[in-house]
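Given next are the chains, with one letter for each unit.
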Amino acid sequence: MNKLCLLGLVVSLASQSAFADTPAAPLQDKQAFIANLLKQMTQDEKIGQLRLISIGPEMPRERIREEIAAGRIGGTFNSRTAPENRPMQDAAMRSRLKIPMFFAYDVIHGNRTIFPISLGLAATWDMQAIAKVGRTSAIEASADSLDMTFAPMVDIARDPRWGRTSEGFGEDTYLTSRIGKVMVQSFQGSSPANPDSIMAIVKHFALYGAVEGGRDYNTVDMSLPKMYNDYLPPYRASLDAGAGGVMVALNSINGVPATSNTWLMNDLLRKDWGFKGVTISDHGAIQELIRHGVARDGREAAKLAIKAGIDMSMNDTLYGEELPGLLKSGEVTQAELDQAVREVLGAKYDMGLFKDPYVRIGKAETDVKDYYADQRLHREAARDVARRSLVLLENRAQTLPLKKSGTIAVVGPLADAPIDMMGSWAADGRPEHSVTVREGLRRAVGDKAKLVYAKGANVTGDKAMFDYLNFLNFAAPEIINDPRPAAVLIDEAVKAAKQSDVVVAVVGESRGMSHESSSRTTLEIPESQRALIKALKATGKPLVLVLMNGRPLSLAWEREQADAILETWFSGTEGGNAIADVLFGDYNPSGKLAITFPRSVGQIPMYYNHLRIGRPFTPGKPGNYTSQYFEEPNGPLYPFGYGLSYSDFSLSGLNLSSKSVKQGQDLQASILVKNTGKRDGETVVQLYIQDVSASMSRPVKELKNFQKVMLKAGEERTLHFTVKADDLKFYNGQLQWAAEPGEFRVQVGLDSQAVQEQSFELL
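No experiment lies behind these values; they were computed from the predicted model shown.

## A word on the overall build of the protein
If you tally the helices and strands in the protein, you get 23 helices and 26 strands. Its C-alpha radius of gyration of 27 Å places the protein within 12% of the 27 Å reference for a compact globule of 763 residues. Expressed along its principal axes, the backbone C-alpha trace of the protein runs to roughly 75 × 65 × 50 Å. Going through the 763 residues of the protein one by one, you find that 61% of them count as buried.

## Comments concerning the packing of helix α18 (residues 437-445) against helix α23 (residues 575-583)
Helix-helix packing is characterised by the crossing angle of the two axes and by the distance between the axes. Where α18 contacts α23, the axes come no closer than 7 Å and their chain directions differ by 55°. Taken together, the axes of α18 and α23 lie oblique to each other. Pair α18 / α23 crosses with right-handed handedness. Every residue of α23 that contacts α18 at Val437, Gly440, Leu441, Arg443 and Ala444 is listed here: Gly576, Asn577, Ile579, Ala580 and Leu583. The residue makeup of the contact of α18 with α23, split by class, is six nonpolar, three polar and one charged.

## Digging into the packing of aromatic side chains
As enumerated under the stated definition, the model contains 17 aromatic pairs in all. Relative to tyrosine 235, the ring of phenylalanine 205 lies with its centre 5.4 Å away and its plane at 90°, an arrangement referred to as edge-to-face. With phenylalanine 205 in strand β5 (residues 199-205) and tyrosine 235 in helix α10 (residues 233-240), this residue pair connects regions lying 30 residues apart in the sequence. By relative accessible area, phenylalanine 205 is classed as buried at 0%. Here the aromatic rings of tyrosine 608 and tyrosine 688 are separated by 5.5 Å at their centres, their planes lie at 70°, and the arrangement is edge-to-face. With a gap of 80 residues between them, tyrosine 608 in the loop between α23 and β17 (649-656) and tyrosine 688 in strand β20 (residues 681-691) connect regions that are remote in the sequence. A relative accessible area of 9% places tyrosine 608 in the buried class. The side chain of arginine 698 reaches across the aromatic face of phenylalanine 730, ending 4.1 Å from its centre. Sitting over the ring of tyrosine 688, lysine 701 keeps its end group 5.9 Å from the ring centre.

## Quick look at the domain arrangement of the protein
Looking at the assigned domains, one finds that the protein contains domain 1 (105-357), domain 2 (379-603) and domain 3 (649-762). Computed over C-alpha atoms, the centres of domain 1 and domain 3 are 32 Å apart. In this complex, domain 1 contributes 12 residues to the contact, which on the side of domain 3 involves 13 residues. In total, about 1,200 Å² of surface goes out of reach between domain 1 and domain 3, with carbon and sulfur atoms giving 65% of it. Linking domain 1 to domain 3 there are three residue pairs in polar contact (both at pLDDT 80 or more). When residues of the side of domain 1 that touches domain 3 are traced back to their parent elements, those giving at least two are α8 (173-188) and α9 (224-231). Element by element, the count of residues in the side of domain 1 that touches domain 3 is highest for α9, at four residues. Its residues placed into classes, the side of domain 1 that touches domain 3 shows seven nonpolar, two polar and three charged.

## Points about the UniProt feature "domain: Fibronectin type III-like" (unreviewed entry) in the protein
As recorded in UniProt, the feature "domain: Fibronectin type III-like" (unreviewed entry) lies at residues 683-752. Annotation note: span residues 683-752, helix share 0%, strand share 56%, distance between end C-alpha atoms 14 Å.

## Side note on the side chain of aspartate 482
Tracing the sequence through the fold places aspartate 482 in the loop between α19 (463-472) and α20 (486-498). Only 2.9 Å separates the side chain of aspartate 482 from the side chain of arginine 484, close enough to count as a polar contact. Excluding residues within four positions of it along the chain, aspartate 482 makes contact with Lys455, Asn458 and Leu489.

## Quick look at the sheet that holds strand β14 (residues 502-508)
Within the open sheet, the six strands sit side by side as β11-β16-β15-β14-β12-β13. Their pairing is mixed. Each edge of the sheet is formed by a strand with only one pairing partner; in this case those strands are β11 (391-395) and β13 (450-454). Going from strand to strand, the sheet's axes swing by 20° on average, the running direction of each strand aside. Pairing of β14 with strand β15 (residues 543-548), which is carried by six bridges, proceeds in the parallel orientation. By the bridge assignment, valine 506 is partnered in β15 with valine 546. Across the sheet, α20 touches β12 (407-411), β13 and β14, and the angle it forms with β13 is around 165°.

## Notes on helix α4 (residues 61-69)
Those residues of α4 that fall on the buried side of the exposure criterion are Ile64, Glu67 and Ile68. Taken end-on, α4 shows its buried residues confined to a sector of 100°, consistent with a single buried face. Packing partners of the buried residues in α4 comprise β1 (51-54) and α5 (82-93). Directly after α4, the chain includes glycine 71, whose backbone phi takes a positive value near 80°.

What counts and what doesn't
- Residues numbered from 1 in each chain as written.
- Predicted model: local features only at pLDDT ≥ 70, side-chain atom pairs only at ≥ 80, totals over all residues.
- Heavy atoms only, no water.
- Helix = DSSP H or I, 4+ residues; strand = E, 2+ residues; numbered from the N terminus.
- Rg over C-alpha atoms; globule rule 2.2 N^0.38 Å.
- Buried < 20%, exposed > 50% of the residue type's maximum accessible area, 1.4 Å probe, protein only.
- Axes fitted to C-alpha atoms, helices over the stretch in contact; angles between N-to-C directions.
- Parallel < 35°, antiparallel > 145°, perpendicular 65-115°, else oblique.
- Left-handed = near helix turned anticlockwise from the far one by under 90°.
- Contact = heavy atoms within 4.5 Å.
- Nonpolar A, V, L, I, M, F, W, Y, C, P; charged D, E, K, R; others polar.
- Phe/Tyr/Trp six-rings, centres within 6.5 Å; stacked < 30°, edge-to-face > 60°.
- Lys NZ or Arg CZ within 6 Å of the ring centre and 35° of its normal.
- Domains from an automatic or database assignment.
- Buried area = accessible area lost by both parts, 1.4 Å probe.
- Polar contact = N/O pair within 3.5 Å; in protein donor to acceptor, adjacent residues only side chain to side chain.
- UniProt positions renumbered as here; feature names shortened; annotations may be inferred.
- Pairing = 2+ DSSP bridges.
- Arc of directions from axis to C-beta.

Take a look at the structure:
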């Protein structure tokens, strides 16, 4: 890490800006500099700045360089190394005004070192660990010559059928807001102009996680109070943290696509929130306005988008083709064009590119010889964060931790799957760098125990699903099926189990099953793997299920088969080592769920902070004429905030500093937490608030604070929380941000269900 920082500093000091010869206002005065530059630009040069071009078959590299030199491209994405990007920046320096390019990429949960998927990062509830991910990612990406990342993704997800659930931080507004803020700050460091920092572009603005039926790209229909209270705050928090821009969502909102939504982009984002950064369409979204049915042709689509406030057109064709005619006819004004260009130039200014266009590219003699060399990875950080992300769901009869002795069977289609360890949107991670579960266990036991391995099953026996998942990856097959009959694979696994003392079965989803455009109608583990689990259970050997998945799964049946269940998500480059650390007790698990696990897909949407209703179901009481499903137990299988440890923790003595507070005053809450187990361990103490009576129905509870605390065996500690005045406020039916007098309940627990409670009155 230090070498990369030093490299960036040396490059910054050594580089000479080709832009320095261009007459302009002093760099110290951003607005004057941009205004002066705008005066010198032709209409074609201005339109060129609004075009964000994808590196790929749509436009060959030679053509891209020609277009850049002519001033007709503002930035690119998917070119990731200095040797790729330097010729394009050189082309920009040959353009009339030498306006620099920027280079962007989807760096979501790591660049070359891959950390756990975002849903796994959220399960750490550890802001220092998450900051480490963002900072490490920025250092690696900037060392590769990248200026910008399309992250963090802060869409609230309450329907896990949505494939992009894996890419976000779960269901909760408060937790996602905190993580979004930390990710922005760690990507950008003290300034996005720093050589080792990259600009954060928050996505997807807005409400993308609420698509109907969990089906990707679908519509969103939502009341304004729900929007303001539950879905918008994470975007606002991330922008308030200094994010340089937003990527605009692909969905429509109450019938109007986000890409043409003037209320969303102008009234809310620019006027109400005061946002000053750049707005970027999602890939091809302007063209898609035609298919949405709000634009009759490309000309109208371009007009709607720029008037709504979409500054840059990703994978552009329409801005380049249609804006000249729209400007000539007066349908788009010069002021509207200039405003969009101003924001693009402002982003480049903030990234330090006008001061030094090569700030992250450097000189050719400093290029890395092997961009994919293992020594460029940050393995220690990846292992540390991955361990913190793992959630222990079940541990009957203290099956875990395992002993490093005897014979251990390692089975399952995901036990030795390096590409799946990385999860979706794995940037420039390489499967050959991944430590699989099988390899992690082998390293952990050394010669102390015997490992026997059998695949046991393919990820899926459904040919249509197999073909679809492999179609998603253009470079190589995502999954490779063993051609032997399913019965032969299972028999091999059973044979391995019978000669072992314990069975570790690694099952779940391939990474392509939790990805963009991978929505599901079921949350079950595929049948091929369930048949394997059934056969392993029949051997009578202790069965540990290691789950790999990017969304909550329906695990009611699996819970009955397994003696222990460890949720590992897709845990990244060092995932296998991290999983082995937890399985063998070298690390005491502390992860907590950032999303509810339902019993079945029929319960969706299920989230902990649902609104109160008039006929709630009460466990233990008759269900007739209450809100419930009668075929199975109600409530989640595993609630939000849940996660076990090899230690036991207790809470006692919840106390409030006062039984009443005035408007605008804070309240103090304290509680005693004790490690009653025999091992040192960490847990997350969570504070929730319930507004008992208000002008509109309010949630049964809302997370408002938490503390992750490490306690030695037998140690106890009093934790103190401040309930702030803003914690009691919400957007009412008139969209007023206010706290209403009345009773409030403070609930503190180790998950969202098992809580202690005290009440106070807001006067």
